[in-house]
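As a plain string of letters, each chain reads:
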Amino acid sequence: MSSEEKIDRMTADTIEQCIRSRRSVKPAAFSDVPVANEIIDRMLEAANWAPTHGCTEPWRFFVHTNEARIKLGNKIAELYMQITKPENCSSATAEKLKNFAAASSHLIVIAMKRQESGKISRVDEVAAVACAVQNLHLMATACGAAGYWSSAKAICCDLMKDHLGLGAEDEVLGMFYVGTAEGELPEGKRKPIADKVSWFGRE
C-alpha cells in the first residue's frame, strides 16, 4: 500500500482545515465567554506530544485562571515598570498588560526547561517548545477557543523566571492568552509555498 493510500482523506482534510483556520487572536478581541478547563487540559495534552530531540520534553506551562490571572496581569505590569527605562515607560502599556489578563479566560506562561547536561542545544529545545505551542494552539482552534502567543519583554524577563521558580538556564518564552473570539475571524493569507521551496531530484 502506498503512503498516499494510507492517508485517511477525511482526517487529512480535517487537519489541514484546522491548520488553515488557526489565527492569533489578541485578548482585546475576546468575548466574556470563558473557556472550559477541560479544553485547556486537551490543549496541554496535545502540546505534550510535540517532537523533542533527545526526548527531553523541555516545555513547561504555568496556567492561571480566575483571580490568579488578575494577579499575574498585575505582576506583569509591575515587572514592565521595573525593567523599562523611565523615559520609555508608559502607564498606558502597563494598563494594557493588566487588561489583556483580565480579558482572558486563562493565561498560560510558556517556558523552556533546560537539560542539565546541555547535550541538546538551546535551539533544539526552543524549537521543541515552539512545536508544543503550535500543537496547543491547533487544539484550541479545534475546540473553538482562541489564543495569542505574546513574547513581551515583561513576560520573558529574568524577574518573571524568578517569580515562577525556574532555574538559571531555563527561559520564559512568552504568554499564551486564551479566550473565546468575539465574532468571525478574518480569513488568513499566505504567499504561495512554491516561492519558499526548492526541490532537488524530484521526478
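Preceding this paragraph is the structure being described.
The following refers to the structure shown. Note that the structure is a prediction, hence the values are computed from the model and not measured. (Residues numbered from 1 in each chain as written. Predicted model: local features only at pLDDT ≥ 70, side-chain atom pairs only at ≥ 80, totals over all residues. Heavy atoms only, no water.)

### Re the packing of aromatic side chains
Then, number 1: Considering all chains together, one arrives at two aromatic pairs under this definition.
Then, number 2: Grouped by ring-pair contacts, the aromatic residues F100, Y148 and Y177 constitute a single cluster.
Then, number 3: Geometry around W199 places R202 over its ring, the cationic atom sitting 4.1 Å from the centre. (Phe/Tyr/Trp six-rings, centres within 6.5 Å; stacked < 30°, edge-to-face > 60°. Lys NZ or Arg CZ within 6 Å of the ring centre and 35° of its normal.)

### Quick look at the pattern of salt bridges
Then, number 1: As enumerated under the stated definition, the model contains five salt bridges in all.
Then, number 2: Residue D170 pairs with K113 through a salt bridge whose shortest N-O separation is 3.0 Å. Within this pair, whereas D170 is found in the loop between α8 (158–163) and β4 (171–179), its partner K113 is found in the loop between β2 (106–112) and α6 (122–142), the two being separated by 57 residues in sequence.
Then, number 3: D170 sits in the buried class, given a relative accessible area of 4%.
Then, number 4: Look at K113 and you get partly exposed, because its relative accessible area is 34%. (Salt bridge = Lys/Arg side-chain N within 4 Å of Asp/Glu carboxyl O. Helix = DSSP H or I, 4+ residues; strand = E, 2+ residues; numbered from the N terminus. Buried < 20%, exposed > 50% of the residue type's maximum accessible area, 1.4 Å probe, protein only.)

### Looking at the side chain of D170
Then, number 1: A distance of 2.6 Å separates the side chain of D170 from the backbone nitrogen of G167, its partner in a polar contact.
Then, number 2: When sequence neighbours within four positions are dropped, the list of residues in contact with D170 reads M112, K113, R114 and K161. (Polar contact = N/O pair within 3.5 Å; in protein donor to acceptor, adjacent residues only side chain to side chain. Contact = heavy atoms within 4.5 Å.)

### What about the sheet that holds β4?
Then, number 1: The strand order across the open sheet built from four strands is β1-β2-β4-β3, with neighbouring strands paired in antiparallel fashion. Two strands in the sheet have a free side with no partner beyond their single neighbour: β1 (59–65) and β3 (146–150). Strand after strand, the sheet turns through a mean of 20° between neighbouring axes, direction not considered.
Then, number 2: Bridge analysis of β3 against β4 gives five bridges, and the strand direction is antiparallel. Looking across to β4, one finds that W149 is bridged to F176. (Pairing = 2+ DSSP bridges. Axes fitted to C-alpha atoms, helices over the stretch in contact; angles between N-to-C directions.)

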